[in-house]
Amino acid sequence: MKTVEMVKVAKEVLRNAYAPYSNFRVSAVLFGEDGLFTGVNVENASYGLTVCAERVAVFKAVSEGKRKFEKILVYTPGRENLPYPCGACRQVMAEFFGEDFRVIVANDSEEEQFTLGELLPFNFKR
Ligand SMILES: [Zn+2]
């Protein structure tokens, strides 16, 4: 699946983002052999319970027994901020995906691509 197609899906599901506190709406599209899963950020009045779009997508997939994915696209509208995954999301992705797993961040004016190994070297392993 091409990045442009993933962005299209990300824009479609963005309407479901629940971000009344930060107004920073984010969506994520996880893609690979096991199919396509989406996620949006879901905030909470007690801010610490907020869950990022990437983790929602990963947890949806894993909870359905799907773990074979090659990349994730994280999108936020606008032209200013790129939605780089937070540390918690990087560690969650490292739990299920390898160093070559690709992470694409995009907004309405640019995109950047990394490997998970670049974003989280020396991740915690047991
Ligand atoms: Zn996060």
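Quick caveat, the model's predicted, so the values are computed rather than measured.

Q: Just to check I follow, could you spell out the side chain of Asn123 for this structure?
A: By the element assignment, Asn123 lies in the segment after α4 (116-119). Aside from chain neighbours lying at most four places away, what touches Asn123 is Gln91 and Ala94.

Q: What is the right way to read the pattern of salt bridges from this model?
A: Across all of its chains, the model carries three salt bridges by this definition. Note that Asp108 is salt-bridged to Lys11, the shortest N-O span being 3.7 Å. One end of the pair, Asp108, is in the loop between β4 (102-106) and β5 (111-115); the other, Lys11, is in helix α1 (residues 3-13), and 97 residues separate them in sequence. In this structure, Arg102 engages Glu70 in a salt bridge whose closest nitrogen and oxygen atoms are separated by 3.4 Å. On the criterion of sequence distance, the pair formed by Arg102 in strand β4 and Glu70 in the loop between α2 (53-63) and β3 (71-75) is long-range, its members being 32 residues apart. Its relative accessible area of 29% is what places Arg102 among the partly exposed residues.

Q: Help me out: how do you make sense of the UniProt feature "binding site: substrate" (unreviewed entry) in the protein chain in this one?
A: Annotation from UniProt places "binding site: substrate" (unreviewed entry) at Asn41, Val42, Glu43, Asn44, Ala45, Ser46 and Tyr47. Checking the named residues against the largest pocket, the ones that line it are Asn41 and Glu43. For Asn41, the residues in contact, after removing those within four places along its chain, are Ala17, Tyr18, Ala19, Phe24, Arg25, Val26, Val51, Cys52 and Ala53. For Asn44, the location among the structural elements is in the loop between β2 (35-40) and α2. Taking relative accessible area as the criterion, Asn44 reaches 29% and is therefore assigned partly exposed. Residue contacts for Asn44: discarding those within four places in its chain leaves Tyr21, Leu49 and Thr50. At 2.9 Å, the side chain of Asn44 forms a polar contact with the backbone nitrogen of Ser46.

Reading the values: rules and limits
Residues numbered from 1 in each chain as written. Predicted model: local features only at pLDDT ≥ 70, side-chain atom pairs only at ≥ 80, totals over all residues. Heavy atoms only, no water. Helix = DSSP H or I, 4+ residues; strand = E, 2+ residues; numbered from the N terminus. Contact = heavy atoms within 4.5 Å. Salt bridge = Lys/Arg side-chain N within 4 Å of Asp/Glu carboxyl O. Buried < 20%, exposed > 50% of the residue type's maximum accessible area, 1.4 Å probe, protein only. UniProt positions renumbered as here; feature names shortened; annotations may be inferred. 1 Å grid on protein atoms, 1.4 Å probe; cavity = no way out; pocket = protein on both sides within 12 Å on 5 of 7 lines; lining within 4 Å. Polar contact = N/O pair within 3.5 Å; in protein donor to acceptor, adjacent residues only side chain to side chain.

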